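Here are the chains, one letter per residue:
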Amino acid sequence: MHDHLISIHGEEPPAPQLEGCTERQWSYLADLAAKAGETLPPREEMTKAGASALIERLKAAPAKDGTGAGFRVLYENVEDDDGSIHTSGFVVLPAGDRVPAGRYAIATPGEKNQHGFFKLWIGDRGGWALRRQVSDDFVPMERTNQLRVLAEIARDPLGASQLFGQLIGACGVCGRTLTNDLSREIGIGPVCRERFRG
Ligand SMILES: [Zn+2]
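Now for a quick tour of the structure.

Counting its secondary structure elements, the protein chain contains 7 helices and 7 strands. Counted from the first residue to the last, the protein chain has its helices and strands arranged as α-α-α-β-β-β-β-β-β-β-α-α-α-α. Taken over 198 residues, the protein chain has a buried fraction of 23%. The contacts in the protein chain between residues at least 6 apart in sequence include a share of 46% that link residues at least 24 apart.

Set out below in structure tokens:
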């Protein structure tokens, strides 16, 4: 019946309302855009999907002020503890140290918690971001803080991955729960340990 009415008047049905970008996306975008030296379109024109796409692009963009300059992303084929093989990235710091994608813990003396937990995310096209893990959430960090913490992890990436595994009980590389006594003790699965050579 409704279709019939529309055809009589020759009107198009109203376009479905697109979901607008969230408050969290918008504040993250503002931070990313400022670092990349870009201007954002008006917020009311930004859809949730559009914001996601722009976030991915800006995360991969070099920072205007040069923070992050000299950091490269490389990829390699790796085998996880479950035997699956996939391409995994690692960030190469200006000094040549390399940090694979994964989760890390570092000691934070003087802070509220004795340890900070972090996840190094690496995209498919050279973008990367370090986020602070709070419970099961991954919280965006200022780029300067990301660089500072990543440099700290890079001093001993295997140690920071093992510390994560020992404290959380899951492998920092592949995320699988560590049930083997020895793996729990050293904080990383035997195959994923190989990731930290070279
Ligand atoms: Zn693993």
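Read on for the rest.
The next thing to look at is unusual backbone geometry. Not every positive phi belongs to a glycine, and serine 135 is a case in point at roughly 55 degrees. For serine 135, the location among the structural elements is in the loop between strand 6 (128-134) and strand 7 (137-139). Taking the number of C-beta atoms within 10 Å as the measure of exposure, serine 135 has 7 and is therefore exposed.

Overall, antiparallel pairing links the 3 strands, which are arranged 1-2-3 in an open sheet. Strand pairing shows two members of the sheet lacking a second neighbour, strand 1 (72-79) and strand 3 (98-100), which therefore form its edges. Geometrically, the sheet is characterised by an average inter-axis angle of 35 degrees between neighbouring strands, direction not taken into account.

Another point: the sheet that holds strand 7. Strand order in this open sheet of 4 strands is 4-5-6-7, and the pairing throughout is antiparallel. Every interior strand has two partners, whereas the edge strands, strand 4 (102-107) and strand 7, have only one. This sheet shows a mean twist of 40 degrees between the axes of neighbouring strands, independent of strand direction. As judged from the 3 bridges shared by strand 6 and strand 7, these two strands associate in the antiparallel manner. Each bridged residue has a counterpart across the sheet, and for arginine 132 the counterpart in strand 7 is valine 139.

Val91, Tyr104 and Leu120 are the most contacted members of the largest nonpolar core, which totals 18 residues. At 4 residues, the largest contribution of residues to this core is made by strand 5 (residues 115-122). If sequence neighbours within four positions are ignored, tyrosine 104 has contacts with Phe118, Leu120, Ile153, Ala160, Ser161, Phe164 and Gly172. Grouped together as the second largest cluster of nonpolar side chains are 6 residues, Cys171, Leu178, Ile188 and Cys192 included.

In this model, helix 5 (residues 157-168) (12 residues) spans 16 Å end to end at C-alpha, consistent with the 16 Å of a helix rising 1.5 Å per residue. Against the buried residues of helix 5 lie strand 3, strand 4, strand 5, helix 4 (143-154) and helix 6 (181-186). Directly after helix 5, the chain includes glycine 169, whose backbone phi takes a positive value near 85 degrees.

Rules used throughout
- Residues numbered from 1 in each chain as written.
- Predicted model: local features only at pLDDT ≥ 70, side-chain atom pairs only at ≥ 80, totals over all residues.
- Helix = DSSP H or I, 4+ residues; strand = E, 2+ residues; numbered from the N terminus.
- Buried ≥ 20, exposed ≤ 12 C-beta atoms within 10 Å, placed from the backbone.
- Contact = placed C-beta atoms within 7 Å.
- Pairing = 2+ DSSP bridges.
- Axes fitted to C-alpha atoms, helices over the stretch in contact; angles between N-to-C directions.
- Core = buried A, V, L, I, M, F, W, Y, C linked by C-beta atoms within 7 Å.
- Expected span 1.5 Å × (residues − 1).

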